[in-house]
Amino acid sequence: MSLAACVVIPIYNHKDAIGITVERLAVHGLPIFIVDDGSDEPTQRVLAALAARHGEQVRLSRLPVNGGKGAAVMAGLLAARAAGFTHALQIDADGQHDASDVPRFLEAARAKPHAVIIGQPIYDESVPKSRLYGRYLTHVWVWIETLSFTIRDSMCGFRLYPLALACDLIDRVALPTRMDFDIEILVRLYWRRAEFVSIPTRVTYAIDGVSHFDVFRDNVRISKSHTRLFFGMLWRLPMLLAHKVMPRGKTEPWWRMAERGSRFGMMLLALGCRTIGPRLTALWLHPIVAYFLVTGRPAREASHRYFAQLQRFASPEPTPRPGWLSAYRHMLTFAQSGFDKLVAWSGRLDRATVTLDDSAALDALRASKRGALIIGSHLGNLEMARALAVQGSHTKVTAVVYTEHARRFNSVLNSANKDFAERLIQVSDFGPQTTLMLQERIERGEWLVIVGDRTPARESGRTTSAQFLGSAAPFALGPYVLAHALGCPVYLFFCLKDSGKHRLYFESFAERIELPRKGRAEHLADWAQRYATRLEYYCRKAPYQWFNFFDFWARPAQPSGDARGRT
């Protein structure tokens, strides 16, 4: 993961200190988001002058009324995410933090890009003793609320957030908007199994510095926050204890994720399918899914993001509400889909439960006896079509897949039917040798199946942006480049399950995909958008059956050193 970092500074009436703070930060070359939290006119004039002096490096925004430090920080983090940054360094406007430590925070983030980097203050004699001792009471409460000493200091305003993690929390939880924000966001990120790294950093209190900490009101707010967090800890106590023996840390890209579950457990399911039958064996899936729901935070959060995206896009139509229940149902549907694949490849599938929505396109392709490229997805059960084709002795159907992340499951399917591996081609990219081999299969009249909603591991970067469920998402170019090289007709295929029955959708996509040299990128983007639009249609038909359990809308990595301050 490359680092696209910026700085976020919340400010309220610190007109005398902000200039020095910005000058000390500007030398590091990072874009600076200054969020004016309803400051007075003199401060507004100072900020306008700073923005004019630093040009594009300083991005100034203003909240119409004073909403509190938390409100200003959240506005800055969301703006940074919208601008395409991956990380944001929060720092106070009053100059008490040591800006020379910025490189240390960035270096820690490069080493652990999914961790929250927090400052651990080293105070000099300028710190008010009441503030110093008061902090320790909060630290103790945070250690109780997290059942951990991981967060060494929860009040330091010098910290670096991974934006995907922080903004997802902001989108989902009503965080406090005043001085209690800094505490609560860290505790809740810890509950979400974020990793933390502490960086010792000098903190100096200016003798004539302006403080907006209201001793009475802010202490009451912090006390209320600790009360909420304490009862939240009690609710999460079993999970927090379980997490003590589970690793905490980063979410890998999907192709690097270790396949979860043992081959022995999968083989037990296969054995149960053959002995006591699919229906009774399927009951085992419920406790299995419950376990993976609790322990599989990355997949659970990806499910939340997907349903949140779908809900924003499809509103006011009824859609699943993001949450634990929808994530459980989502994962259960995924497990049932995998079980259906096992049933199909073992030859125990009832053909009466499978129907074709419209056979016209499929009948025409069969009659032509031509080879074709069929683009599927991780929506529904793509494997079902291959299993049915093998059993029915229809035209040879071969899957072109990246299987590194599912070796154990694929080995179980292979043990269920020897034809499984014979009809599977694993590729790492679509180079000349791969294309020639696939061309030979097309000329023999075979149908090649490929997914269009994932990028093979070594194809990272070979994507184009398409609108999907209301937001831009990266889609692989491989299927359309391959279709152009093969010169064959292209079809789309989806298999959705409804009320225990599988319905197949087979539709023509293109008689041939042409990619002229002039405007090649635009043509590729157009084909990807057409595919995304159809995928979007079927996602809305069966929202629980899209099984991309990773952040599909994450921006692909950009080359280092671009104009947005990537480091």
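Computed from a predicted model, the values in this text were never measured in an experiment.

The helix and strand tally for the protein stands at 21 helices and 16 strands. Looking at the protein as a whole, 51% of its 567 residues qualify as buried. Partitioning the contacts of the protein with sequence separation of at least 6, the portion at a separation of at least 24 is 80%.

Another point: the pairing of strand β12 (residues 447–451). With five of five residues buried, β12 is to be regarded as a mostly interior element. Judged from the five bridges that link them, strand β9 (residues 372–376) and β12 form a sheet pairing that is parallel. Note on β12: the bridge partner recorded for Ala372 is Trp447.

A word on the nonpolar core. Within the largest apolar cluster, 45 residues are counted, with the highest numbers of intra-cluster contacts made by Phe468, Phe475, Tyr480, Ile513, Leu535 and Trp546. Here this core takes eight residues from helix α21 (residues 520–541), the largest share from any one element. Discounting chain neighbours no more than four positions away, the residues touching Tyr480 are Ile375, Phe509, Ile513, Leu515, Leu524, Trp527, Ala528 and Tyr531. Met74, Ala80, Ile185 and Leu189 belong to the second-largest nonpolar core, a separate cluster that totals 37 residues.

Here we take up the side chain of Glu184. Within the element layout of this structure, Glu184 appears in helix α7 (residues 181–191). A distance of 2.7 Å separates a polar atom in the side chain of Glu184 from a polar atom in the side chain of Arg228. With near-sequence residues (within four places) excluded, Glu184 lies in contact with Leu175, Pro176, Ser225, Arg228 and Leu229.

With respect to the secondary-structure elements, Gly478 resides in helix α20 (residues 478–486). Taking relative accessible area as the criterion, Gly478 reaches 5% and is therefore assigned buried. Measuring from C-alpha to C-alpha, the distance between Gly478 and Val451 comes to 9.5 Å, with 27 residues separating the pair along the chain.

What follows concerns the pairing of strand β15 (residues 490–498). Of all the nine residues making up β15, seven are buried; the element is thus mostly covered by neighbouring parts of the structure. Bridge count between β9 and β15: three bridges; the pairing is parallel. Opposite Ile375, over in β15, you have Leu492 as the bridge partner. Relative to strand β16 (residues 501–510), β15 is paired through nine bridges, and the arrangement is antiparallel. Note on β16: the bridge partner recorded for Cys495 is Leu504.

A few words on the packing of aromatic side chains. Summed over the entire model, instances satisfying the criterion amount to 25 aromatic pairs. Ring geometry for Trp143 and Phe149: centres 5.2 Å apart, planes at 65 degrees, overall edge-to-face. Here the aromatic rings of Tyr306 and Phe307 are separated by 4.9 Å at their centres, their planes lie at 45 degrees, and the arrangement is tilted. Chaining the aromatic ring pairs together yields one cluster made of Tyr306, Phe307, Phe468, Phe475, Tyr531, Tyr544, Trp546, Phe552 and Trp553. The ring of Tyr537 has Arg534 lying over it, and the distance from NZ or CZ to the ring centre is 4.7 Å.

Nonpolar side chains collect at one region of the surface, where Leu137, Val140, Trp141 and Ile144 lie side by side and expose about 340 Å² of accessible area between them. For Trp141, the position within the fold is in helix α5 (residues 129–146). Of the residues examined, Trp141 reaches a relative accessible area of 33% and is grouped as partly exposed.

Right, let's talk about the environment of Ile450 for a bit. Counting through the fold element by element, Ile450 comes out in strand β12. With 28 residues separating them along the chain, Ile450 and Gly478 place their C-alpha atoms 9.4 Å apart.

At a minimum axis distance of 9 Å, the contact between α20 and α21 shows a crossing angle of 110 degrees. The angle between α20 and α21 places the two elements in the roughly perpendicular class. Here the hand of the crossing between α20 and α21 comes out right-handed. Counted together, Tyr480, Val481 and His484 of α20 and Arg520, Leu524, Trp527, Ala528 and Tyr531 of α21 form the full contact between these two elements. Split by residue class, the contact of α20 with α21 holds six nonpolar, one polar and one charged.

This brings us to the sheet that holds strand β6 (residues 159–162). Taken together, the seven strands give an open sheet; going across it, the order is β3-β2-β1-β4-β6-β5-β7, and neighbouring strands pair in mixed fashion. In this open sheet, the two strands that pair with only one neighbour each are β3 (58–63) and β7 (195–203). Averaged over all neighbouring strand pairs, the angle between strand axes comes to 20 degrees, with direction disregarded. On top of the sheet, helix α1 (residues 18–26) reaches β1 (5–11), β2 (32–37) and β3; it is set at about 175 degrees to β1, its chief contact. Where helix α6 (residues 163–172) meets the sheet, its contacts fall on β4 (87–90), β5 (115–123) and β6, and the angle it forms with β6 comes to roughly 80 degrees.

Procedures and definitions
- Residues numbered from 1 in each chain as written.
- Predicted model: local features only at pLDDT ≥ 70, side-chain atom pairs only at ≥ 80, totals over all residues.
- Heavy atoms only, no water.
- Helix = DSSP H or I, 4+ residues; strand = E, 2+ residues; numbered from the N terminus.
- Buried < 20%, exposed > 50% of the residue type's maximum accessible area, 1.4 Å probe, protein only.
- Contact = heavy atoms within 4.5 Å.
- Pairing = 2+ DSSP bridges.
- Core = buried A, V, L, I, M, F, W, Y, C linked by side-chain atoms within 4.5 Å.
- Polar contact = N/O pair within 3.5 Å; in protein donor to acceptor, adjacent residues only side chain to side chain.
- Phe/Tyr/Trp six-rings, centres within 6.5 Å; stacked < 30°, edge-to-face > 60°.
- Lys NZ or Arg CZ within 6 Å of the ring centre and 35° of its normal.
- Patch = residues over 30% accessible without salt bridge, like charges linked within 9 Å, V, L, I, M, F, W, Y side chains within 5 Å.
- Areas by Shrake-Rupley, 256 points an atom, 1.4 Å probe, with all protein chains shown as cover.
- Salt bridge = Lys/Arg side-chain N within 4 Å of Asp/Glu carboxyl O.
- Axes fitted to C-alpha atoms, helices over the stretch in contact; angles between N-to-C directions.
- Parallel < 35°, antiparallel > 145°, perpendicular 65-115°, else oblique.
- Left-handed = near helix turned anticlockwise from the far one by under 90°.
- Nonpolar A, V, L, I, M, F, W, Y, C, P; charged D, E, K, R; others polar.

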